[in-house]
Amino acid sequence: MNGIADLFYFRNEDTDLYLLENEGGEMLALTNDEKQVYVNGTAKIQSSNRYIRLLKATFSDCMEIQPTIDQAVLNHRSLISITSDYHDYVCEGEKCIVYTKEVSKIRLKLGPVIGFSSSSLQMKGGEPFESFIFSRSNSPTFGVLLDLTSYRMNERLSFQLGAEISSNYFHSSFEKQIVTDVVVDYYETKLDAKSLLIVAGPKYAIPKGRVKPTFGGGLMFHKFIQPDFSYVLEKMIGDDVFTYDLVGDPVTNWFFGIKCRFVVLREDNNIEQFYETTHQIQ
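Report follows, based on the coordinates. Fair warning: this is a prediction, and the values are worked out from it, not measured in the lab. (Residues numbered from 1 in each chain as written. Predicted model: local features only at pLDDT ≥ 70, side-chain atom pairs only at ≥ 80, totals over all residues. Heavy atoms only, no water.)

1. Comments concerning the environment of F116
Thought 1: Assignment of secondary structure puts F116 in strand β6 (residues 106-119).
Thought 2: Exposure remark for F116: the relative accessible area of 61% places this residue in the exposed category.
Thought 3: In this structure the C-alpha to C-alpha distance between F116 and S166, which are 50 residues apart in sequence, comes to 8.4 Å.
Thought 4: In contact with F116, other than residues within four places in its own chain, are N138, S139, P140 and T141. (Helix = DSSP H or I, 4+ residues; strand = E, 2+ residues; numbered from the N terminus. Buried < 20%, exposed > 50% of the residue type's maximum accessible area, 1.4 Å probe, protein only. Contact = heavy atoms within 4.5 Å.)

2. Remarks on the packing of aromatic side chains
Aromatic ring pairs: the centre-centre distance and the angle between the two ring planes describe each pair.
Thought 1: In total, this model carries seven aromatic pairs according to the counting rule given.
Thought 2: Ring centres of F132 and F134 lie 6.1 Å apart, and the angle between their planes is 35°; this geometry places the pair in the tilted category.
Thought 3: Overall, F132 belongs to the buried group, its relative accessible area being 5%.
Thought 4: With a relative accessible area of 12%, F134 lands in the buried category.
Thought 5: Ring geometry for F134 versus F170: centroids 6.3 Å apart, planes at 85°, classification edge-to-face. Placement of F134 in the loop between β6 and β7 (137-150) and of F170 in strand β8 (residues 157-179) is noted, with a sequence separation of 36 residues between them. The pair F134 / F170 is uniform in exposure class, with both members buried.
Thought 6: In this structure an aromatic cluster arises from ring pairing among F132, F134, F170, F174, Y187 and Y231. (Phe/Tyr/Trp six-rings, centres within 6.5 Å; stacked < 30°, edge-to-face > 60°.)

3. Considering a nonpolar patch on the surface
Thought 1: Together, I106, L108, L148, F159 and L161 make up an exposed nonpolar region whose accessible area comes to about 460 Å².
Thought 2: The set of elements that each furnish at least two residues to the nonpolar patch consists of β6 and β8.
Thought 3: Structurally, L148 is set in strand β7.
Thought 4: Classification of L148 by relative accessible area gives partly exposed; the value is 32%. (Patch = residues over 30% accessible without salt bridge, like charges linked within 9 Å, V, L, I, M, F, W, Y side chains within 5 Å. Areas by Shrake-Rupley, 256 points an atom, 1.4 Å probe, with all protein chains shown as cover. Salt bridge = Lys/Arg side-chain N within 4 Å of Asp/Glu carboxyl O.)

4. Comments concerning unusual backbone geometry
Thought 1: With a phi angle near 55°, N49 is a residue other than glycine that sits in the positive phi range.
Thought 2: Within the element layout of this structure, N49 appears in the loop between β5 (42-47) and α1 (50-58).

5. Considering the pattern of salt bridges
Thought 1: Applying the stated rule across the entire model yields four salt bridges.
Thought 2: K203 is paired through a salt bridge with D147; the nearest N and O atoms lie 3.6 Å apart. Linking K203 in strand β9 (residues 183-205) with D147 in strand β7, this pair joins segments that are 56 residues apart in sequence.
Thought 3: Salt-bridge contacts for K190 lead to D228; the nearest nitrogen and oxygen are separated by 3.3 Å. Of this pair, K190 sits in strand β9 while D228 is found in strand β10 (residues 212-237), placing the two residues 38 residues apart along the sequence.

6. Here we look at the environment of K223
Thought 1: Considering the arrangement of structural elements, one finds K223 in strand β10.
Thought 2: For K223, a relative accessible area of 23% translates into the label partly exposed.
Thought 3: Separated by 30 residues in the primary sequence, K223 and N253 place their C-alpha atoms 5.1 Å from one another.

In structure tokens form, the structure reads like this:
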């Protein structure tokens, strides 16, 4: 932004920086660093609000905008508005120019996803299906994540689209006596398949504090890829054994649901805690 005081914005992969050049040509970094302080023995995060003090000092010759500076936020809209108002008050006959085209409106990031999947399976539809108790299936997860952020709207809010692939193996069996010691039914079932998971939805990162929570989630679409499903009934009548295989594939390949994700990052951006919950609607 070009006027009696020039406002600049710089961003790289990890840094947002606003610079204010005063009438004397001095470049001032508008920052809002945070530090941990102790109040009555309790640790609290305190913001420096240094950018507000710099704005007040730089624009001290314009009392009309001082109350507005107290409410200033470190983002495009707020800083451009204050700098433009200052120019309009103190600079007669000149127009303040705002170069908004130089700021990228949307940032697009694409990156890999490596994680761990722990899945459960429950069968419905009456007996004997509901008697199967499956252990959890655990496996590594690999995928890609697309993140779209609009700096002009909210730099902490983004839209994510991700795809992940993992392996699933479920196995369960039980037996049921029809007539005591005479007829016994033995049921066994297994499912071995690759899982494709697609999630689309918003993500919001809380910027304040040494620990930075991130909330995300959205619609989830799940597909089993070439599932190998088997269901066997062995009926033992005395010393005779009769085996029956279920014909067909009762597994629903496509289903959808809602997925929520909560990630906590320390100031050094290492993952400290991860919590994820999935609700499937079949």
